Amino acid sequence: MTKKIKIFSLLLLVVMVMAACSDNNASSDSDSDSDSGGNSKDANQLLKIGNDQEPAGLDPHKVPAHSSIRIYEKVYDSLLTFDENMELQPELAKEWEQPDDTTYIFTLREGVTFHNGDKMTAEDVKYSYERILDEETASIAKSYFDKVESIEVMSPTKIKFNLSETYAPFLSYVASTNAAIVSKKVVEENGDLMQVAVGTGPFKFEEWKPDNYVELSKFEDYYKEGQPKLDGIRYITMKDESARLAAIRTGEVHLTTLSSQSIPLAEKNEDLEVKGYQSTEYSYVGFNVDKEPFNNKKVRQAISLAVNRQEVKDIVWKGDAILSGPIPESMGKWAIDVSDQELYQQDIEKAKKLLAEAGYEDGFETVISTASTYPDMVDTAQLLQQQFEQIGIKADIKQLEWGQYIDTWKSGDHEMLVGRNSSGSDPDRSISFFFSTDGSANVWGFSNDKIDSLSEKGRTTTDTAKRREIYNEAQKKLIETSPNLFLVSPKKFFIVRNNVENYTPSANEPENFNETIIKQ
């Protein structure tokens, strides 16, 4: 605790010094609103965002990193979307029908074009979903649609999905950004979509200057008349939080994100507004259950009992977080109250007993991997390192650059991994996607018959009350088996200059800028 306070004090000092200096290499290329970074017509309506991380690629079917999603979600549309109340709404599909339990028919909007001028048709929709389902694509969304048996183009504006059985989360996944509609022609011309992006969304991809910025421009032919209001968005890479704080203070950027630790510094500035919301994310410790000693459930449970989650909330997030299970509280009726769960109560003696029963009475050495550029992840790892020492576990912390971290997450080349997950919009993602044996994001090597069975029941049950019972049981089983330790769900913050209007972040739409303007 004392060590942590010292670290925090030092961080504050560094932040204040850096803010005063207002120095940022990445921003030097963005000071001019001339055409250095794209084709924005009106520099006054170019929204400049201090981006905390470099994107890991731009392919919506393959890249799960938030640093990428926040960019490609502006470029691509899906058939459906969610509004701020988490209600399904039409997007590229203007309407849909379900003639029976396993058939969905979507009618597409007419006159929608890709950014290259090509018309978007049902053939593009069919290609996009078949690309997701193709093993060679290695799409993060493949497991979303594994009950799709066939896809039929009925006309240029009508398409039918035939499912193998009733599938409750289907429409929620259709609304996912990872189910974006892409152009077959563009994929074939470029091989993949990691460095190019041609969608139907409100903003066009213009340029990605590595380690500097990504620029988008307004799509003049966007199907929603009058949107977007902005002429462009420039995501300026500023990995250092003190640099982002300096940039938002001086007006070098209009909007950025800061950790809870720095929020008090932003709140003191009358030119800034702090906009917060309870996120659908949770922080976690993930175990590679294919490796010893983490293949032993008792070891994982012992580590859970060594964790003081209240300290994680108070120290890492300054209280701006709530305890979380596999489904965070922001998911409403789907979340369970985890505060009374036995494995959430720190109990050092019981933890030591479990370790001894597992054959590790003297503890062991291990490595905690995490992303170096997210202060909350590093802080969490350092705090856990101290807590684990109480039961004889000596953990080294391995800080990874973002690209290395993503690769490590994907490959499972880790022992313990500290990170954050987003629960999405349906409990199936929280349970099946991350923890079923065939889940696309099960990078833990975890396989449990009960979880697989409950996942399948949840997917094929349409009665909401029964689904809730199923997912309640699944959450308790995951806490008991502990392939991940679920820590807290943080509140997220955007720091916005006062001249930015019509922007309100929410859990489902943290970055919708379609109506946003910059007041001169």
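Parameters at a glance
Residues numbered from 1 in each chain as written. Predicted model: local features only at pLDDT ≥ 70, side-chain atom pairs only at ≥ 80, totals over all residues. Heavy atoms only, no water. Pairing = 2+ DSSP bridges. Helix = DSSP H or I, 4+ residues; strand = E, 2+ residues; numbered from the N terminus. Axes fitted to C-alpha atoms, helices over the stretch in contact; angles between N-to-C directions. Contact = heavy atoms within 4.5 Å. Core = buried A, V, L, I, M, F, W, Y, C linked by side-chain atoms within 4.5 Å. Buried < 20%, exposed > 50% of the residue type's maximum accessible area, 1.4 Å probe, protein only. Polar contact = N/O pair within 3.5 Å; in protein donor to acceptor, adjacent residues only side chain to side chain. Parallel < 35°, antiparallel > 145°, perpendicular 65-115°, else oblique. Left-handed = near helix turned anticlockwise from the far one by under 90°. Nonpolar A, V, L, I, M, F, W, Y, C, P; charged D, E, K, R; others polar. Salt bridge = Lys/Arg side-chain N within 4 Å of Asp/Glu carboxyl O.

Turning our eyes to something else, we now look at the pairing of strand 4 (residues 93-100). Within a regular beta strand, the side chains point alternately toward one face of the sheet and then the other, so they alternate between its two faces. The sheet contact formed by strand 4 and strand 5 (residues 103-108) spans 5 bridges and is antiparallel. Counted as the bridge partner of Ala93 is Leu108 from strand 5. Between strand 4 and strand 5, which pair antiparallel in sequence order, lie 2 residues.

Take the sheet that holds strand 13 (residues 281-287) next. Taken together, the 5 strands give an open sheet; going across it, the order is 16-15-17-13-18, and neighbouring strands pair in mixed fashion. The open sheet has two edge strands with one neighbour each: strand 16 (393-400) and strand 18 (484-486). For this sheet, the mean angle separating the axes of adjacent strands, direction not counted, is 30°. Inspection of the sheet shows strand 15 (residues 364-371) paired to strand 17 (residues 416-422) by 2 bridges, in the parallel sense. Paired with Ile368 across the two strands is Met416, which belongs to strand 17. Packed on one face of the sheet, helix 13 (residues 402-411) meets strand 13, strand 15, strand 16 and strand 17 and runs near 95° to strand 17.

This paragraph deals with the nonpolar core. Within soluble globular proteins, side chains that are nonpolar tend to cluster in buried spots. Ranked by internal contacts, the top residues of the largest apolar core, which has 128 residues, are Leu79, Phe106, Tyr129, Phe145, Phe161, Phe170 and Ile303. When neighbours within four sequence positions are excluded, Tyr129 is seen to be in contact with Leu79, Phe145, Ile151, Phe161, Val174, Ala179 and Ile181. Ranked by size, the runner-up nonpolar core spans 13 residues in total, among them Met238, Leu258, Ile263 and Phe493.

Position of Thr380 relative to the elements: it lies in helix 12 (residues 375-389). Within the local environment of Thr380, its side chain forms a polar contact with the backbone oxygen of Asp376, the two atoms lying 2.7 Å apart.

One can describe the packing of helix 9 (residues 297-306) onto helix 11 (residues 348-357) by two numbers: an axis separation of 8 Å at closest approach and a directional angle of 165°. As summarised for this structure, helix 9 and helix 11 are arranged roughly antiparallel, according to the angle between their axes. In this structure, the crossing between helix 9 and helix 11 has a hand that is left-handed. Between helix 9 and helix 11, the residues in contact are Lys298, Val299, Gln301, Ala302, Leu305 and Ala306 and Ile348, Lys350, Ala351, Leu354, Leu355 and Glu357, respectively. Classifying every residue of the contact of helix 9 with helix 11 by side-chain character gives 8 nonpolar, 1 polar and 3 charged.

The next subject is the environment of Ser259. Of note, Ser259 is situated in the loop between strand 11 (255-257) and helix 8 (263-267). On a C-alpha basis, the gap between Ser259 and Gly226 in space is 34 Å, while along the polypeptide they are 33 residues apart.

Attention shifts here to the sheet that holds strand 7 (residues 158-163). The sheet built from 4 strands is open, its strands ordered 4-5-7-6 with antiparallel pairing. Every other strand in the sheet has two partners, leaving strand 4 and strand 6 (148-155) as the edge strands with one partner each. Strand after strand, the sheet turns through a mean of 20° between neighbouring axes, direction not considered. In the packing of helix 4 (residues 122-133) onto the sheet, the strands contacted are strand 5, strand 6 and strand 7, and the crossing angle to strand 6 comes to about 165°.

Structurally, Pro505 can be placed in the loop between strand 20 (500-501) and strand 21 (517-518). Sequence separation between Pro505 and Ser430 is 75 residues, and the spatial gap between their C-alpha atoms is 22 Å. Once you skip the residues sitting within four places of it in the chain, Pro505 turns out to touch Lys275, Tyr277, Phe494 and Pro510.

Let us look at the pattern of salt bridges. A complete count under the given rule lists 26 salt bridges for this structure. Glu135 serves as the salt-bridge partner of Lys142, at 3.6 Å between the closest nitrogen and oxygen. Accessibility expressed as a relative area gives 23% for Lys142, which makes it partly exposed. Classification of Glu135 as exposed rests on a relative accessible area of 60%. Counted as one network, the salt bridges with shared partners bring together Asp52, Arg70, Glu73, Lys74 and Glu511.

Moving on: unusual backbone geometry. Cis geometry is adopted by the peptide bond preceding Pro228, which originates at Gln227 and carries an omega value of -10°. Within the secondary structure, Pro228 is located in the loop between strand 9 (213-218) and strand 10 (232-237). At the junction of Glu292 and Pro293, the peptide bond is cis and its omega measures out at 0° in the coordinates. For Pro293, the location among the structural elements is in the loop between strand 13 and helix 9. The phi torsion at Ser482 lies on the positive side, around 55°, for a residue other than glycine. Topologically, Ser482 is positioned in the loop between helix 16 (464-481) and strand 18. For Ser482, a relative accessible area of 1% gives the class buried.

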